[in-house]
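Each chain is listed here by its residues.
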Amino acid sequence: MANNSRGPSAMNAARNNSRPVNLVPLYSVIFSILFAACSFIGVNRQVEVVLATSEIVRVDLTPRHYRALEHCQMAVASIPHSLFASLAPLTPAQRALLKWPAQLATVTAHDCNSFQKRGEILDDFDGLFSSKSPRIGIILPPASENKAALDLIIAQMRKDLLAEGFHSKDTLIIRRIEKNKTDALKAAAELVHMDRVSLLIGGLHPSHAAAIVQIADQSQTPALIISANAPLGRTKQTMRVYPPLKRLAIRLTTALQEKDVHDVVVVYPNNSNLELFNLMKQLNGAGLRYSQASYNSSDAASILAAIKSQTAKIAAAQGRPAVLIFDNFRMVRHIVNIATTALPTSNILFAGNQQWRSPALVMPRDEALQGAIFVDFIGSYRNLPDTLETPISDNDYFTTAEAASRLDYQIIGHRLGSLAAEAAHWGTNRHEIANRIQGFKNKWDLYFPSSELAFDSQRESSWPVFLFGVTDNTIKEL
């Protein structure tokens with residue numbers, strides 16, 4: 001101990017030193033440590049609040065914080081407006097069943113001056129945002145022409161929740177709501193405040209999506225939007241779960257560029273959904289020039305005329321010409337035959353989307369289709385999530401027509417079920433769920449890319465994309 005600089009001899013030397021000891025730096029270090037230790041005790045207690053001015057502020061609700069007075073005043077000034085706005089769709093009788101609105105109405109900024117009261121106020125606010133049950137609220141339109149697809153999504157959700165130990169009868173609350181925002185707002189508010197759901201799901205209709213993101217922002221409730229294009233909310237509480245066509249557009253565009261393509265002829269049936277094509281055209285710096293023609297699928301003369309109207313452009317293309325066919329595998333063979341007959345010496349690259357995928361595309365073998373490419377959200381059927389029952393032939397890349405038609409919906413249901421199970425666990429407060437999920441890398445199965453976060457910076461669900469090439473009488477991943 002005698003040689004230890006922190007021992008008694010060193011302390012005596014300090015006492016005998018005639019110069020005063022400067023303790024300010026020491027106090028600063030101690031205070032910094034104390035403040036850091038009490039800044040966030042336990043869970044993350046920050047919430048995003050949408051003000052009456054539409055500005056978004058972050059409010060810290062940690063009761064033991066060195067800036068608790070400031071945070072309490074900010075909470076009292078900003079949170080009540082947002083929470084009361086989320087109650088507006090409820091009836092007076094429903095609001096009367098809730099105890100907290102009356103308590104919240106009496107809180108003032110002056111109450112924050114009391115050390116004890118400001119801690120209680122912040123704790124109460126946190127409790128309101130955190131409170132939940134292990135239930136999931138789902139808002140769907142009335143049964144309609146998309147009933148079969150919705151049934152597949154819900155059935156798969158039930159299956160995945162059951163696999164995680166949740167009985168869907170007790171966990172899922174499904175509301176069928178007319179396609180208007182007023183009814184959807186009421187349903188969303190009831191699910192959040194009366195049923196205390198852990199998560200909202202919906203958005204198949206634009207009015208439903210708008211209602212869900214509004215209530216999610218106001219009440220800090222996580223929500224999954226099942227829509228390709230509906231706007232997400234202003235806070236991080238809303239996330240999109242839908243196969244992102246933009247990923248297909250990027251992958252297909254990149255493949256064309258890599259194959260020295262500069263000019264692309266696009267052909268498709270009348271009244272087709274051209275969202276993928278439009279996304280490709282919007283990609284900055286792609287360097288591709290497009291021309292297009294449509295046809296009546298049931299009229300052979302119309303198909304022939306559409307292809308022949310583009311032969312001059314195909315022949316004059318710089319680099320390798322490409323023909324992009326947005327149609328099913330049957331029409332692909334027909335169009336390829338017309339184009340190669342008209343231009344037998346052109347080395348045309350034929351390309352397409354997931355509609356191409358079928359054994360009938362490659363069998364019997366077609367020389368003109370060798371090297372053709374297409375994109376899809378599904379790779380090998382053996383790598384799909386375990387809860388999806390998929391019949392597989394002797395080729396891992398093909399399944400039955402019936403299975404192929406339902407898989408896209410089942411994968412969406414699987415994704416929703418996996419995320420719903422995560423939200424329903426009691427270990428996470430409601431307002432934390434979105435932030436927690438957005439911080440995860442995909443961990444649920446091998447299908448979703450394990451190297452990517454579950455959601456990107458735009459709160460879009462990550463999704464795998466595959467590029468296939470036709471080789472002999474099969475397809476292979478490129």
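None of the values given here were measured: they were computed from a predicted structure.

Engineer: Quick question: what am I supposed to make of the nonpolar core here?
Structural biologist: Of all hydrophobic cores here, the largest spans 61 residues; its most connected members are I201, L224, L256, F326 and L416. Looking at which element gives the most residues to this core, the answer is helix α17 (residues 401-424), with 9 residues. Beyond its immediate sequence surroundings of up to four residues, I201 is in contact with I136, G137, I138, I139, M157, I212, L224, I226 and L416. Among the nonpolar cores identified, the runner-up in size contains 44 residues, and V49, I173, A189 and L191 belong to it.

Engineer: Would you mind showing me how to read the sheet that holds strand β11 (residues 349-352) here?
Structural biologist: Strand pairs in the sheet, formed through backbone hydrogen bonds, run parallel or antiparallel to each other. In space, the 7 strands of this open sheet follow the order β9-β8-β10-β11-β12-β13-β14, with mixed pairing throughout. Two strands lie at the open edges of the sheet, namely β9 (289-295) and β14 (474-477), each paired on one side alone. Averaged over all neighbouring strand pairs, the angle between strand axes comes to 25°, with direction disregarded. Of the pairings in the sheet, the one linking strand β12 (residues 373-376) to strand β13 (residues 466-471) comprises 4 bridges and is antiparallel in character. Across the sheet, residue F374 finds its bridge partner in β13, namely F468. Along the sheet, helix α11 (residues 245-258) makes contact with β8 (261-269), β9, β10 (320-325), β11, β12 and β13, crossing β12 at roughly 160°. Across the face of the sheet, helix α13 (residues 300-308) comes into contact with β8 and β9 while running at roughly 165° to β9.

Calculation notes
- Residues numbered from 1 in each chain as written.
- Predicted model: local features only at pLDDT ≥ 70, side-chain atom pairs only at ≥ 80, totals over all residues.
- Heavy atoms only, no water.
- Core = buried A, V, L, I, M, F, W, Y, C linked by side-chain atoms within 4.5 Å.
- Buried < 20%, exposed > 50% of the residue type's maximum accessible area, 1.4 Å probe, protein only.
- Helix = DSSP H or I, 4+ residues; strand = E, 2+ residues; numbered from the N terminus.
- Contact = heavy atoms within 4.5 Å.
- Pairing = 2+ DSSP bridges.
- Axes fitted to C-alpha atoms, helices over the stretch in contact; angles between N-to-C directions.

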